[in-house]
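Here's the letter readout for the chains.
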Amino acid sequence: MVMPKSNFNERCYKLLKLVPEGKVTTYSEIAKALNSKACRAVGSAMARNSNLLVIPCHRVIRSDGYIGNYALGADKKAELLIKEGVAVSNGKVKDLGKVLYRFDT
DNA sequence: GGCGTGACCCCAT
DNA sequence: TATGGGGCCACGC
């Protein structure tokens, strides 16, 4: 039986897993879904990328539309997003409103 | 057991 | 429009 380090990061992963391919979400959306403003804690959990191979951490971007950062590098993150069908330019998502996935829907 | 940092966000100036 | 400051949660030392 595996015990999670914290419920918080597991929540982030779970929500993130709900994001379909070709779509992205923001740290703030996840934080809000957790009923918290700890957008930093979300990123922190991803930074540890405990589940990089299990969680599409690259589908998480900033609210400004910028990709932000990534364990393997923002550049790699942009490439992955583009491959999934997300329009990315200069490290920023072009049609954020179109690819942004909301948990509140 | 306490302080600082971090894949951030929002508001005010 | 750009810059500064405050705030939130988890983790490392």
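First, a word on what this report is: a plain description of the structure on this page. The structure presented is a predicted model; accordingly, all values stated were derived computationally and were not measured.

Rules behind the numbers
Residues numbered from 1 in each chain as written. Chains lettered and ligands numbered in written order. Predicted model: local features only at pLDDT ≥ 70, side-chain atom pairs only at ≥ 80, totals over all residues. Heavy atoms only, no water. Salt bridge = Lys/Arg side-chain N within 4 Å of Asp/Glu carboxyl O. Helix = DSSP H or I, 4+ residues; strand = E, 2+ residues; numbered from the N terminus. Buried < 20%, exposed > 50% of the residue type's maximum accessible area, 1.4 Å probe, protein only. Arc of directions from axis to C-beta. Contact = heavy atoms within 4.5 Å. Near = heavy atom within 4 Å. Polar contact = N/O pair within 3.5 Å; in protein donor to acceptor, adjacent residues only side chain to side chain. Nonpolar A, V, L, I, M, F, W, Y, C, P; charged D, E, K, R; others polar.

**Some remarks on the pattern of salt bridges**
Working step 1: Applying the stated rule across the entire model yields three salt bridges.
Working step 2: Salt-bridge contacts for Glu-21 lead to Arg-59; the nearest nitrogen and oxygen are separated by 4.0 Å. In this pair, Glu-21 is assigned in the loop between helix 1 (7-17) and strand 1 (25-26) and Arg-59 in the loop between helix 3 (39-47) and strand 2 (60-61), connecting sequence segments 38 residues apart.
Working step 3: Exposure remark for Glu-21: the relative accessible area of 59% places this residue in the exposed category.

**A word on helix 1**
Working step 1: Where helix 1 is concerned, the buried positions are Asn-9, Cys-12, Tyr-13, Leu-15 and Leu-16. The buried side chains of helix 1 occupy one side of the element, clustering within an arc of 165 degrees when seen end-on. Away from its buried face by more than 90 degrees, helix 1 exposes Asn-7 and Lys-14.
Working step 2: Buried residues along helix 1 sit in contact with strand 1, helix 2 (27-33), helix 3 and strand 2.

**What to know about the protein's contact with DNA strand B**
Working step 1: The full set close to DNA strand B counts 16 residues, and Arg-40, Met-46, Ala-47, Ser-63 and Asn-69 are the nearest of them.
Working step 2: Taking the atoms of DNA strand B that fall within 4 Å of the protein, sugar and phosphate contribute 43% of them.
Working step 3: Taking Asn-69, its main chain carries an N or O atom lying 2.8 Å from a base nitrogen of DNA strand B.
Working step 4: Those elements that provide at least two residues to the surface near DNA strand B are helix 2 and helix 3.
Working step 5: Broken down by element, the residue count for the surface near DNA strand B peaks at six residues, all from helix 3.
Working step 6: In terms of residue class, the surface near DNA strand B is built from six nonpolar, six polar and four charged.

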